[in-house]
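Architecture and fold: a report
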Amino acid sequence: MNEPFAPWTDETATPLIRIEQVTKRFGDFTAIDDLSIDIFPREFFALLGPSGCGKTTLMRMLAGFETPSAGRVTIDGQDMGGVAPNRRPVNMMFQSYALFPHLTVWDNVGFGLKREGMAKDKLAACVDEMLKLTQLDALARRKPHQLSGGQRQRVALARSLAKAPKLLLLDEPLGALDKKLRQETQFELMDIQERTGTTFVIVTHDQEEAMTVASRVAVMNHGKLVQVDPPDQIYEQPNSVYVADFIGDVNLIPGRATQVGDMAELAWAEGQGTLLGQPGGGVKADTAASFAIRPEKIAIGREMPEARNRVQGKIIDIGYLGNLSTYHVKLPEGPVMTCEVGNRSRLSRRELTWEDDVWLSWSDTAGLVLPT
Amino acid sequence: MTCGCLGRIPQDWCCRHERARGFQPRAFIGRSAVKRAFTVIPYIWLLALFLVPFLIVLKISFSDIAIAIPPYTPTLELSEGWQGVRNFFGGLDFENFVFLTSDDLYWKAYLSSLQIAVVSTLITLAVGLPIAYAMARARDDWRPALLMLVILPFWTSFLIRVYAWMGILSNEGLLNQFLIWSGFITEPLVILNTNVAVYIGIVYTYLPFMILPIYASLERMDPSYVEAAEDLGCSRLSAFWIVTLPLARPGVIAGCFLVFIPAVGEFVIPSLLGGSSTLMIGKVLWEEFFSNRDWPVASAVAIILLLILVIPIILFQRQEVASRETEG
Ligand SMILES: Nc1ncnc2c1ncn2[C@@H]1O[C@H](COP(=O)(O)OP(=O)(O)OP(=O)(O)O)[C@@H](O)[C@H]1O
Ligand SMILES: [Mg+2]
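Predicted model, so just to flag it, every value in this text is computed and none were measured.

Okay, the pairing of strand β9 (residues 216-221) of chain A next. Residue and element names in this part refer to chain A. In terms of residue burial, β9 counts as a mostly covered element, since six of its six residues are buried. Neither face of β9 is left uncovered, since the one carrying Arg216, Ala218 and Met220 and the one carrying Val217, Val219 and Asn221 both have all their residues buried. Here four bridges tie strand β3 (residues 44-48) to β9, and the two strands are oriented parallel to one another. Along β9, the bridge assignment pairs Ala46 with Val217. Here β9 runs beside strand β10 (residues 224-229); their pairing, made up of five bridges, is antiparallel. Residue pairing for β10: Val217 is matched across the bridge by Asp229.

Dropping the structure here:
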């Protein structure tokens, strides 16, 4: 079939958004710190990061509500310096929704189209379609204060989608929806994107959501981008302990990188063998490093395994989650490791119980050695 | 809902009090009695300070002028028993109201008052809205100071401030001196003792009542509404018209009523700043009371004024209720 969608690897591709060395300060607080990124047409770009790391601020600079203290934002080849929000090919869904309280749901959704001067019947058709999409048809005549939180969120989403802009900024668009509706809406968003070719930048606190919808995920911290990569790479090849820890669950074993080549070795405790994994994040030999291994990549058993990466410990806790069980294993000279085992595994595995001495093992390529 | 705080505190107090004495059943009785007493207080207040004076004025308006103390008749002579009560009610009639229609001074005064009030309300709005908007958009740390400046005039007597305007507006006043000095005019402008001076006085006096409610509604407005409007294609100006102003409507309406209602009955400003041609019902009322000592006609004038104002007051309250509903 056709090639996978990856314009960021293509040097000839022109980005829709160029953010070049942008810094944003509020007083002496730096909310965005010398940040550069290109976002390409038709991308579904997810911003992930802890609260207060500058996600909303970055979005507001794209929408035109904040001006960068330094640096440049270009959208579709046009420098956005001094361009008012209403002159940008951008729509934003606000984190606070900002629905106009004096207008009905219908008028809220039609607001942007009406400003555009769209003909009445076409406008009505557009608005009705948007309302159907977000399952709000029955609420069209209500005012925002008569809606539930999730319904308001859908109105805000419908309103920002209605104008079919080149770039759509969604600040936590699905946070207040229940799981089923959220999944449906995620699917709709992806569908809308397919149909309209709109570029999406979406802020979310939900990693699963970012993983599902995004073409690339950007992990932010303290106003900087820590890593920008497709979801699988973010998960499998985190470039730092921070990202490994932020996305999904991870076991971190602190130690020293002893050798770094195609593979890296980490010495983690006296009298124990080194752990072998892939080097990541530019780790250097003879520096402090951590070994990162995901819980589902660890095998657990009574007998000493053949694998090179093996550690021994004692089970201190078992969690049963239905489809899988998690074992918490205390290493004598190290941290507590979490390992997940699918529950269709062999019978003998289920015999493991509290206080058992067990071996944990994983393959050479399963873990990463990351600088600390 | 009506007895939020007032109701709850004495209830708790009451329960604890009674339980300590071991009278569980009585706690219930005591609680409802205390609660009732607390809810009744506002009604007593309204009754004593609004309804009773109103009834007195109403009664006087149905009476006849008399050279006596008080200067009207009949008065209720309870010592004469039943006959006294009958005489009292028999002496009441609508004469004064009929009289008001016979002299065109009165309806002209009402009309002219309404007109002056409407025009000055509109001017106050035109002046106050931009000021309120600028204040709401000002930097956070400036706002208290700006608010202070708006309220500051209340610290001196209203009467003194109106007298000060006489000094400013008179033919030899500050304004004319300045204009002549700067060469704009050669002859002094006649402002004092005209309707223009009355407008200036009313707008000046009531401006804070316009600014404060509008400011309050603008200030608590989420700035993201305007941002959303701009994001959806509005310019700054159209966002103001389409979003900011409709959302500030409750404040604007409150401000207009707070200016309009007292302006209709205004008496001090027209008598100090207005001329002989300035006709306002407040002035007429004053003259009936104090110059003619015709309390019954004055009361009738006041009753009609009240009826005229009741309509906008009811509209105002409807609006308040509606806006409270939409705010949820
Ligand atoms: N107008 C402002 N003045 C001063 N500081 C601000 C302003 N706006 C944002 N900040 C600060 O900038 C930082 C980043 O804010 P931002 O709203 O971008 O966070 P966020 O990543 O969107 O967080 P969340 O996930 O909680 O929405 C925060 O520390 C915030 O306090
Ligand atoms: Mg945010």
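What follows deals with the domain arrangement of chain B. Residues and elements named next belong to chain B. Examined at the domain level, chain B breaks down into domain 1 (11-90) and domain 2 (95-327). Computed over C-alpha atoms, the centres of domain 1 and domain 2 are 35 Å apart. On the side of domain 2, 13 residues touch domain 1, which itself brings 11 residues to the contact. When residues of domain 1 are sorted by the area they lose upon contact with domain 2, Ser61, Ile65 and Pro71 head the list and together hold 44% of the total. For the pair domain 1 and domain 2, the number of links is two residue pairs in polar contact (both at pLDDT 80 or more). If you tally residues by element for the side of domain 1 that touches domain 2, the top one is helix α2 (residues 24-61), at five residues. Taken together, the residues that form the side of domain 1 that touches domain 2 break down as eight nonpolar, two polar and one charged.

Quick look at the coordination of the magnesium ion (ligand 2) now. Residues and elements named next belong to chain A. Taken together, Thr56 (OG1) and Gln95 (OE1) make up the protein donors of the magnesium ion (ligand 2), found 1.9 to 2.4 Å from the metal. One end of the pair, Thr56, is in helix α1 (residues 55-63); the other, Gln95, is in the loop between β6 (90-93) and α2 (105-116), with 39 residues separating them in the sequence. Owing to a relative accessible area of 26%, Thr56 belongs among the partly exposed residues under this scheme.

Between chain B and chain A, the residue contacts involve 20 residues of the former and 21 residues of the latter. Of the roughly 1,800 Å² buried between chain B and chain A on both sides combined, carbon and sulfur atoms contribute 62%. Contact with chain A buries area across many residues of chain B, yet Glu227, Asp231 and Leu232 of chain B alone supply 38% of it, more than any other trio. Between the two partners, chain B and chain A, sit one salt bridge. One can count eight residue pairs in polar contact (both at pLDDT 80 or more) joining chain B with chain A. If you list the elements that add at least two residues to the side of chain B that touches chain A, you get α10 (223-231), α11 (236-247) and α15 (295-326) of chain B. Here the side of chain B that touches chain A takes seven residues from α10 of chain B, the largest share from any one element.

This part is about the sheet that holds strand β16 (residues 309-320) of chain A. Residue and element names in this part refer to chain A. The five strands are arranged β15-β19-β16-β17-β18 in an open sheet whose pairing can be described as antiparallel. In this open sheet, the two strands that pair with only one neighbour each are β15 (299-301) and β18 (336-342). Taking the axes of each pair of neighbouring strands and ignoring which way they run, one obtains an average angle of 45 degrees across the sheet. Relative to β18, strand β17 (residues 324-330) runs antiparallel, the two sharing seven bridges. When the sheet's bridge partners are listed, Thr326 is paired in β18 with Glu340.

What follows is about the sheet that holds strand β8 (residues 199-203) of chain A. Residue and element names in this part refer to chain A. Taken in spatial order, the six strands line up as β6-β7-β8-β3-β9-β10 in an open sheet, and their pairing is mixed. Looking at strand neighbours, the two that pair on one side only are β6 and β10, the edges of this open sheet. If you compare each strand with its neighbour and ignore which way they point, the axes differ by 15 degrees on average. Packed onto the sheet, α1 meets β3, β6, β7 (167-171), β8 and β9 and runs at close to 150 degrees relative to β7. Contacting β6, β7 and β8, helix α4 (residues 149-162) crosses the sheet at an angle of about 180 degrees to β6.

Moving on, we come to the confidence of the model for chain A. For chain A, mean pLDDT is 90; residues scoring 70 or higher make up 98% of the total. Across chain A, the secondary-structure element scoring lowest on mean pLDDT is helix α9 (residues 347-350) of chain A, at 52, and the one scoring highest is strand β1 (residues 17-26) of chain A, at 96.

The next thing to look at is the pattern of salt bridges. If you walk through the whole model with that rule in mind, you get 24 salt bridges over all chains. Measuring nitrogen to oxygen at the nearest pair gives 2.7 Å for the salt bridge that ties Arg216 of chain A to Glu43 of chain A. Placement of the pair is Arg216 of chain A in strand β9 and Glu43 of chain A in the loop between β2 (29-39) and β3, with a sequence separation of 173 residues. On the basis of relative accessible area, Arg216 of chain A is assigned to the buried category, the value being 6%. As a salt-bridge pair, Asp104 of chain B and Lys108 of chain B come within 3.4 Å of each other at their nearest N and O atoms.

Tallied over the full model, the rule gives 22 aromatic pairs over all chains. Relative to Phe240 of chain B, the ring of Tyr133 of chain B has its centre 4.9 Å away and its plane inclined at 80 degrees; by these criteria the two rings are edge-to-face. A residue pair is termed long-range when its members are at least 10 positions apart, and Tyr133 of chain B in helix α5 (residues 104-137) and Phe240 of chain B in helix α11 qualify at 107 residues. Exposure remark for Phe240 of chain B: the relative accessible area of 16% places this residue in the buried category. Chaining the aromatic ring pairs together yields one cluster made of Tyr72, Phe267, Trp286, Phe289, Phe290 and Trp295 of chain B. For Arg159 of chain A, the ring lying beneath its charged end belongs to Phe100 of chain A, and the centroid distance is 4.7 Å.

Time to look at the domain arrangement of chain A. Along its sequence, chain A is carved into domain 1 (7-236) and domain 2 (249-371). Just the C-alpha atoms count here: the centres of domain 1 of chain A and domain 2 of chain A sit 39 Å apart.

Here the focus is the pairing of strand β12 (residues 264-267) of chain A. Residue and element names in this part refer to chain A. Relative to β12, strand β11 (residues 251-260) runs antiparallel, the two being bridged by four bridges. Note that in β12 the partner of Val260 across the bridge is Ala264. Count of turn residues in the β11/β12 antiparallel hairpin: three residues. Sheet analysis places β12 next to strand β13 (residues 275-279), joined by three bridges and oriented antiparallel. Across the sheet, Glu265 pairs through a bridge with Leu276, a residue of β13.

The rules behind each value
- For every chain, the first residue of the written sequence is number 1, and numbering continues from 1 onward in sequence order.
- Working convention: letters from A go to chains and numbers from 1 go to ligands, in the order in which they are written.
- Only residues with pLDDT of at least 70 are given local features in this predicted model, and only at 80 or more are side-chain atom pairs given and counted; all residues enter the totals for whole chains, interfaces and linings.
- Excluded from the side-chain calculations are hydrogens and water; all other atoms, namely the structure's heavy atoms, are used.
- Relative accessibility decides the category of a residue: with a 1.4 Å probe and only protein chains considered, values under 20% of the type maximum give buried, values over 50% give exposed, and everything between is partly exposed.
- Only DSSP runs of H or I with at least four residues qualify as helices, and only runs of E with at least two residues qualify as strands; both kinds are numbered from the N terminus onward.
- At least two bridges found by DSSP between two strands is the condition for calling them paired.
- Boundaries of every domain are those given by an automatic assignment or by a domain database.
- Here, residues are in contact when the closest pair of their heavy atoms is within 4.5 Å.
- Buried surface area refers to the total accessible area, computed with a probe of radius 1.4 Å, that the two partners give up upon joining, counted for both partners together.
- Side-chain atoms alone can form a polar contact between residues adjacent in sequence; in general such a contact is a pair of N or O atoms within 3.5 Å, and within protein one must be able to donate a hydrogen while the other accepts it.
- Gly is put with the polar residues, along with every residue not named as nonpolar or charged; the nonpolar set is Ala, Val, Leu, Ile, Met, Phe, Trp, Tyr, Cys and Pro, and the charged set is Asp, Glu, Lys and Arg.
- Donor atoms: N, O and S within 2.8 Å of the metal, or within 3.2 Å for Na, K and Ca. Because water is excluded, sites can look incomplete.
- For this document, the term salt bridge refers to a Lys or Arg side-chain nitrogen within 4 Å of an Asp or Glu carboxyl oxygen.
- Note on method: axes are straight lines fitted to C-alpha atoms, helices fitted across the in-contact stretch only, with angles between N-to-C directions ranging 0 to 180 degrees.
- The predictor rates its confidence in each residue with pLDDT, a number between 0 and 100.
- The rule is short: rings of Phe, Tyr and Trp, with Trp giving its six-membered ring, pair when the centres are within 6.5 Å, and they are stacked under 30 degrees, edge-to-face over 60, tilted in between.
- Think of it as a cone above the ring: NZ of Lys or CZ of Arg counts as a charge over the ring if it is within 6 Å of the ring centre and within 35 degrees of the ring normal.

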